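Architecture at a glance
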Amino acid sequence: MTQPRSIRIAALLSLWLGCTAAAHADAIHKSPNDPRKYHAFTLDNGVHVITVHDPNAERAAVAMNVDVGSKEDPNARPGLAHFTEHMLFLGTKTHPAPEGFDTFISQHGGDNNAYTSLTDTNYHATIEPDALEPLLARFGEFFAAPRLDADHVDRERHAVNAEYQMRRHDDNARLRDVLSQRMNQDHPASRFTIGSLDTLSGPPSELRRAVERFFTRYYRGDNMTLAISGPQPSHRLEQWARRYFSAVRKASPQHRDDTSAPLPPLMAENALPQALRVKTLEQQRQVRFLFPIQDPTQSPTDNAVSYIASLIGDEGPGSLLAALKARGWANALSAGTVSSDGTNAFFSVRVALTAEGARHIAHIQASMFEVIQRIEHSGLDRWRLNEQRRLTDQQFTFESLPSPSALVGYLSSAAGTYTDKNLRRGPYITGEFNAPRLRAVLARLRPDRLLRIYSGPEVDGDCQSPWFDTRYQVVQPAHWQKADALSGLSLPMPNPYIATDLTQRTLETTPPTQLSTPEGMTAWYHGTTRFGTPKSSWHLSLQSPLTSQSARGQMATTLLSQWLIDSLGRTLYQASLAGQSIGAYAHARGLTIQVEGWRDRQDVILGTLIHQLKQGELTDTDIARLKQNLLDGFESQAQAPAYQQLQQRMAQTGLSPAFSTDEQKAALSALTAEDLRAFRIQFLERLHLDALAVGNLTRPQAEHTLGMIQQRLRPTLGSNAIPSLAAMRPTRAQPPWSVPVEDPNHAALTYLVWPDANDTSRAAAAVLGAWLESPFYSMLRTREQLGYLVSAGYQPLIDVPRLAFVVQSPKTSGIDLSHRIDRFINAQTPPATPAELAPFKQSVLHALKQPALTLSELANRHWQAQAFGQLGNDPRTRLIDAVSALTPATLQHEWRQVMREPAFKLIADPAGSNTKPQTPPPPAWAAIDVIPEAPSKTREITETAHEAALNITSP
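Heads up: these notes are all about the structure in this document. Treat the numbers as computed from the prediction; the structure is a model and nothing was measured.

Once that is clear, we can look at the overall build of the protein chain. Counting its secondary structure elements, the protein chain contains 29 helices and 29 strands. Principal-axis analysis of the C-alpha atoms gives the protein chain an extent of 75 × 70 × 65 Å. Every one of the 955 residues in the protein chain was classed for burial, and the buried ones make up 60%. Pairs at least 24 apart in sequence give 84% of the contacts found in the protein chain among residues at least 6 apart. Entry remark: accessible area of the protein chain is about 36,100 Å², with carbon and sulfur atoms responsible for 49%.

It is worth spelling out the pairing of strand S10 (residues 344–353) at this point. Every regular strand shows the same layout, with side chains that alternate between the two sheet faces. Judged by how many residues are buried, S10 sits mostly within the fold: nine of 10 residues are covered. Judged from the 10 bridges that link them, strand S8 (residues 285–294) and S10 form a sheet pairing that is antiparallel. By the bridge assignment, Arg285 is partnered in S10 with Leu353. Inspection of the sheet shows strand S9 (residues 330–338) paired to S10 by eight bridges, in the antiparallel sense. The residue of S10 that forms the bridge with Ser334 is Arg350. Here S9 folds back onto S10, and the loop between the two strands holds five residues, one of which, Ser339, carries a positive phi near 60°.

On to the pattern of salt bridges, then. Under the definition given, this model contains 42 salt bridges. Put simply, Asp675 and Arg552 hold a salt bridge, and the shortest N to O gap is 3.8 Å. With a gap of 123 residues between them, Asp675 in helix H21 (residues 673–685) and Arg552 in helix H15 (residues 551–567) connect regions that are remote in the sequence. Judged by its relative accessible area of 24%, Asp675 falls in the partly exposed class.

You can see Val248 is positioned in the loop between helix H7 (234–245) and strand S7 (274–279). Remark: the alpha-carbon pair of Val248 and Asn45, spanning 203 residues in sequence, is separated by 6.8 Å. In contact with Val248, not counting residues within four places along its chain, are Asn45, Val47, Phe143, Ala144, Arg220, Gly221 and Met224.

Running from amino to carboxyl end, helix H2 (residues 100–107) crosses helix H23 (residues 759–783) at an angle of 170°, the nearest separation of the two axes being 9 Å. With respect to their mutual orientation, H2 and H23 come out roughly antiparallel. Two secondary-structure elements touch here, H2 through Asp102, Thr103 and Ser106 and H23 through Ala770, Glu773, Ser774, Tyr777 and Ser778. For the contact of H2 with H23, the class distribution of residues is two nonpolar, four polar and two charged.

Counting 57 residues, the largest nonpolar core has Leu542, Ile593 and Ile709 as its most contacted members. Leaving out residues up to four positions away in the same chain, Ile593 has contacts with Trp538, His539, Leu540, Leu542, Leu564, Gly583, Ala584, Leu609 and Leu613. Counting 50 residues, the second largest nonpolar core, distinct from the first, contains Val47, Val68, Phe83 and Phe245.

Here we take up helix H5 (residues 171–182). Between its first and last C-alpha, H5 extends 17 Å over 12 residues, near the 16 Å set by a 1.5 Å rise per residue. Taken together, the buried positions of H5 are Asp171, Ala173, Arg174, Leu175, Asp177, Val178, Leu179 and Ser180. In this structure, the buried residues of H5 make contact with helix H4 (153–167), S7, S8, S10, strand S11 (451–456) and strand S13 (471–475). Near the N-terminus of H5, the side chain that reaches the backbone nitrogen of Asn172, with its oxygen 3.1 Å away, is that of Asp170.

Strands sit in the order S1-S2-S6-S3-S5-S4 across an open sheet of six strands; the sheet is mixed. Bordering the open sheet on either side are strand S1 (37–42) and strand S4 (111–116), each of which pairs with just one other strand. In this sheet, adjacent strand axes meet at a mean angle of 10° when their direction is disregarded. Here S1 runs beside strand S2 (residues 48–53); their pairing, made up of six bridges, is antiparallel. Among the inter-strand pairings, Phe41 is bridged to a residue of S2, identified as Val49. Against the sheet, helix H1 (residues 80–87) makes contact with S4 and strand S5 (121–127), and its axis sits at roughly 165° relative to S4, the strand it touches most.

The next subject is the pairing of strand S26 (residues 802–809). With eight of eight residues buried, S26 is to be regarded as a mostly interior element. Residues of S26 alternate between two faces, with Arg802, Ala804, Val806 and Gln808 on one and Leu803, Phe805, Val807 and Ser809 on the opposite face, all of them buried. Pairing of strand S23 (residues 746–753) with S26 involves eight bridges; the strand directions are antiparallel. In the sheet register, Thr750 faces S26, and the bridge partner there is Phe805. Where strand S25 (residues 789–794) lies against S26, six bridges are found, and the strand directions are antiparallel. The residue of S26 that forms the bridge with Gly793 is Ala804.

Turning to the sheet that holds S9, a few remarks are in order. The strand order across the open sheet formed by seven strands is S9-S10-S8-S11-S7-S13-S12, and the pairing between neighbours is mixed. Here the strands that pair on one side only, and so sit at the sheet edges, are S9 and strand S12 (463–464). As defined by bridge partners, S7 adjoins S13 across four bridges and the pair is classed as antiparallel. Residue pairing across strands places Arg277 opposite Gln473, the latter belonging to S13.

What follows is about the packing of helix H8 (residues 304–312) against helix H13 (residues 435–442). H13 packs onto H8 with a crossing angle of 65° between their chain directions and a minimal axis gap of 9 Å. Here H8 is positioned roughly perpendicular relative to H13, judged by the angle of their axes. Crossing hand, H8 versus H13: right-handed. Contacts between H8 and H13 involve Ala304, Val305, Tyr307 and Ile308 from the first element and Arg437, Leu438, Val441 and Leu442 from the second. Tallied by class, residues from the contact of H8 with H13 come to seven nonpolar, no polar and one charged.

Further remarks concern the side chain of Asp690. Positionally, Asp690 belongs in strand S20 (residues 688–695). Among the polar contacts listed, one links the side chain of Asp690 to the side chain of His688, at a separation of 3.1 Å.

Below, the discussion takes up the side chain of Arg452. Along the chain, the position of Arg452 falls in strand S11. One buried charged residue, Arg452, forms no salt bridge at all, with the nearest opposite charge on Glu458 at 11 Å. Those residues in contact with Arg452 that lie beyond four places of it in its chain are Gln274, Ala275, Leu276, Val287, Arg288, Phe289, Ile361, Gln365 and Trp480.

Let us now look at the packing of aromatic side chains. Under the definition given, this model contains 24 aromatic pairs. Ring geometry for Tyr123 and Phe143: centres 5.2 Å apart, planes at 80°, overall edge-to-face. Note that Tyr123 is positioned in strand S5 and Phe143 in helix H3 (residues 132–144), a separation of 20 residues in sequence. The exposure class of Tyr123 is buried, given its relative accessible area of 0%. Accessibility expressed as a relative area gives 1% for Phe143, which makes it buried. Ring geometry for Tyr123 and Tyr219: centres 6.4 Å apart, planes at 70°, overall edge-to-face. Taken together, the residues span a long stretch of sequence, with Tyr123 in strand S5 and Tyr219 in the loop between helix H6 (204–218) and strand S6 (224–230) at a distance of 96 residues. For the pair shown, Tyr123 and Tyr219 are each scored as buried. Cluster of aromatic residues (ring-pair linked, three or more members): Phe89, Phe101, Tyr123, Phe139, Phe142, Phe143, Phe215, Tyr219 and Phe245. Above the face of the Phe396 ring, Arg425 is positioned so that its terminal group lies 4.4 Å from the ring centre.

Calculation criteria
Residues numbered from 1 in each chain as written. Predicted model: local features only at pLDDT ≥ 70, side-chain atom pairs only at ≥ 80, totals over all residues. Heavy atoms only, no water. Helix = DSSP H or I, 4+ residues; strand = E, 2+ residues; numbered from the N terminus. Buried < 20%, exposed > 50% of the residue type's maximum accessible area, 1.4 Å probe, protein only. Contact = heavy atoms within 4.5 Å. Areas by Shrake-Rupley, 256 points an atom, 1.4 Å probe, with all protein chains shown as cover. Pairing = 2+ DSSP bridges. Salt bridge = Lys/Arg side-chain N within 4 Å of Asp/Glu carboxyl O. Axes fitted to C-alpha atoms, helices over the stretch in contact; angles between N-to-C directions. Parallel < 35°, antiparallel > 145°, perpendicular 65-115°, else oblique. Nonpolar A, V, L, I, M, F, W, Y, C, P; charged D, E, K, R; others polar. Core = buried A, V, L, I, M, F, W, Y, C linked by side-chain atoms within 4.5 Å. Expected span 1.5 Å × (residues − 1). Polar contact = N/O pair within 3.5 Å; in protein donor to acceptor, adjacent residues only side chain to side chain. Left-handed = near helix turned anticlockwise from the far one by under 90°. Lys, Arg positive; Asp, Glu negative; His and termini not counted. Phe/Tyr/Trp six-rings, centres within 6.5 Å; stacked < 30°, edge-to-face > 60°. Lys NZ or Arg CZ within 6 Å of the ring centre and 35° of its normal.

These figures capture arrangement, not role.
Here you go:
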């Protein structure tokens with residue numbers, strides 16, 4: 001699937017762009033739906049600043065984008081840019097403690113991170129608004145006075161190496177390593193960029209000097225864009241920017257333009273055409289068709305690439321993907337640009353193949369070129385661009401506001417692409433129809449300019465990439481194999497789902513209301529004008545006792561939901577382009593359908609979805625293809641990072657009913673298309689329906705649509721006919737459960753589980769999680785350097801409170817990691833005074849009190865509360881009250897209580913290591929008592945245990 005670039009706004013949050021100076025503007029053009037005030041200016045030292053006064057903000061944020069990335073790595077020091085990013089977090093002149101910044105952020109309810117790309121390094125943090133000024137004071141010193149202490153060099157290069165080791169089994173990283181060997185070797189993307197113990201070797205003092213030289217040369221004002229968002233007035237934000245960032249170094253004359261030079265071509269002359277075959281570790285097969293082009297971000301209003309990509313990436317009737325699916329050859333297709341560097345890019349068409357499709361790559365390639373030919377001959381139509389413009393204008397007018405962290409991240413990185421005036425409008429500008437420019441791009445999509453990369457588990461090449469040990473083969477064909485294109489290909493027709501009624505309904509402000517419904521159905525409605533947009537969100541949970549009765553029922557429900565979404569390309573793909581988000585997923589009690597977007601025509605879309613679920617053709621070809629895709633997914637789980645495999649095992653053990661991976665695989669393998677047809681009938685005959693409608697629609701509109709849904713589904717079961725899902729806890733102490741993994745890393749996961757669930761235990765667990773997060777990271781990651789991935793915090797299962805501790809390490813055994821977690825936990829004493837407790841309570845309260853920023857977030861909060869039987873009983877307010885009431889004595893009592901309970905421990909070690917897998921201990925589990933503070937109904941868990949949990953920070 002590919003949408004026009006101007007529609008894919010979220011993608012712009014991760015643009016890696018060169019440092020074109022943004023022109024100063026008096027005003028930044030923003031959406032009429034955006035109450036924020038923007039101001040742009042440049043400090044005397046060259047730092048470009050964008051401030052955002054957000055009067056309704058419950059969270060402040062800052063981001064600094066530095067126009068330097070791995071392309072500036074010295075040849076002798078691959079990964080130095082990334083290593084420099086790490087070093088900046090380890091203390092500054094005024095705040096020298098290496099863990100000081102993380103501790104400060106944690107105590108004020110924030111978070112922080114950074115990334116290094118080919119062309120940029122971006123640092124970002126969020127915090128409580130009252131702590132914004134001290135955050136800026138600390139953050140400014142990152143770029144003016146970092147310590148870059150040689151005492152921390154050795155442990156931090158081990159952290160970078162751990163990050164590298166963690167990625168070595170990632171198939172995307174492995175493929176990039178192969179691609180880097182076949183690219184133009186003068187291009188910086190051909191180099192290793194993460195860093196390792198080898199590339200960052202040498203005495204700490206020597207590496208420290210290399211970092212200092214790199215910082216001095218590139219971390220200067222004219223390379224930096226700062227974005228700050230908070231509820232403070234614009235003049236105050238500007239005052240703070242000038243106070244805390246004016247000390248950043250100015251550019252010296254010899255370095256002023258050394259990051260903005262055009263880069264060489266991605267592919268060397270005479271390197272194309274070329275074909276690569278790359279071995280994957282996962283059971284996934286893909287073919288990528290790559291064509292070198294000019295990076296379209298050089299001209300923000302150039303729409304040629306996104307126009308062409310939207311037609312190749314179409315999923316509707318007559319599309320390339322529809323034809324491939326009909327033959328059982330592919331599951332997905334996308335088109336767009338990759339490897340953008342500010343000068344060059346690849347135009348990419350990526351096809352997720354079946355095993356059968358991998359045998360027909362020549363036909364797929366011929367069919368792709370047939371679509372390109374059709375675009376050139378009959379697809380250059382002004383109406384298509386006008387349709388895109390109409391859609392993007394609608395999106396801009398009623399823009400859903402990004403979170404403060406997403407906004408500052410986008411503003412800081414996009415300032416190199418757009419003028420200040422168009423920073424907010426730019427992604428929505430469609431540009432003018434330009435047939436010659438379209439033909440010029442199409443002329444570059446030729447067979448003789450093609451780099452084709454097939455990746456699959458059966459490949460066994462005679463070449464090996466240097467950093468990820470990926471096996472691959474290289475072929476430079478004089479001519480591509482001839483094959484016939486598939487028949488029935490066509491270009492999309494005009495979109496019939498574009499909203500025409502965009503009037504906003506005037507609604508009375510009321511809390512969520514339970515509607516009167518027939519037996520077999522529960523429905524809630526919440527009308528709101530809060531987001532200033534004529535949109536609504538629908539959730540429908542179709543629940544049947546058949547799903548949880550057996551592994552067969554669970555996998556049949558999963559396969560049915562996968563088929564439903566897969567089949568909608570034939571009917572509702574254009575609706576998704578027109579602004580409707582449509583999804584479905586299976587869970588432990590059935591399947592859920594979600595639709596969110598413009599209110600206009602949603603009743604038609606919901607009706608089409610239900611008709612497809614009931615009457616859509618379950619073909620043998622489609623079911624075989626989707627079933628194999630699920631089975632391949634099970635096989636690929638063995639290649640997942642070690643800590644993720646432990647979390648997956650925990651979810652299967654800590655819930656009841658639940659089925660093991662082996663049980664699920666066996667049940668899925670035995671399912672046939674005929675079985676699924678029969679299951680669909682049985683599933684729909686024994687149904688309970690939970691429904692939720694939220695947004696800018698009236699109660700009569702919601703009741704009318706719900707009536708249509710009820711008439712078409714005719715649910716008959718009460719909620720008590722659907723089995724409950726229970727969280728389980730160990731009832732006796734047991735040694736860590738050892739899980740062998742194919743990932744080369746070791747991992748340990750420990751859960752402290754409360755024996756019962758009530759508002760006090762949930763509040764205590766949340767505050768304890770906030771208290772433990774920073775010291776756990778500081779001890780096991782910063783000081784002991786056990787690995788790159790170290791995390792601790794509150795992680796409820798369903799609505800049962802738990803604390804989770806996880807470490808993944810490239811060198812330390814799972815049992816040793818588990819012992820270190822134990823030692824940390826046993827050494828902790830909760831805050832003993834109100835003053836010590838206050839910052840952690842405040843951190844949790846601040847997260848709980850944040851209002852939903854978008855319709856989607858509000859609907860998800862309501863849906864989660866409805867799943868727990870708590871919608872209308874205000875669980876969030878009850879939890880706020882419980883946190884506010886916590887005293888040190890209560891917190892210490894809860895800590896002692898959970899410490900007396902047996903912990904749930906898992907460890908992982910690479911298969912073939914000296915650690916012997918331990919057989920799972922005999923069952924010693926009990927359901928956890930959930931003490932309701934208000935009347936409750938049967939609970940539902942959604943896609944995973946964690947997504948269903950009452951997550952206080954991101955519902």
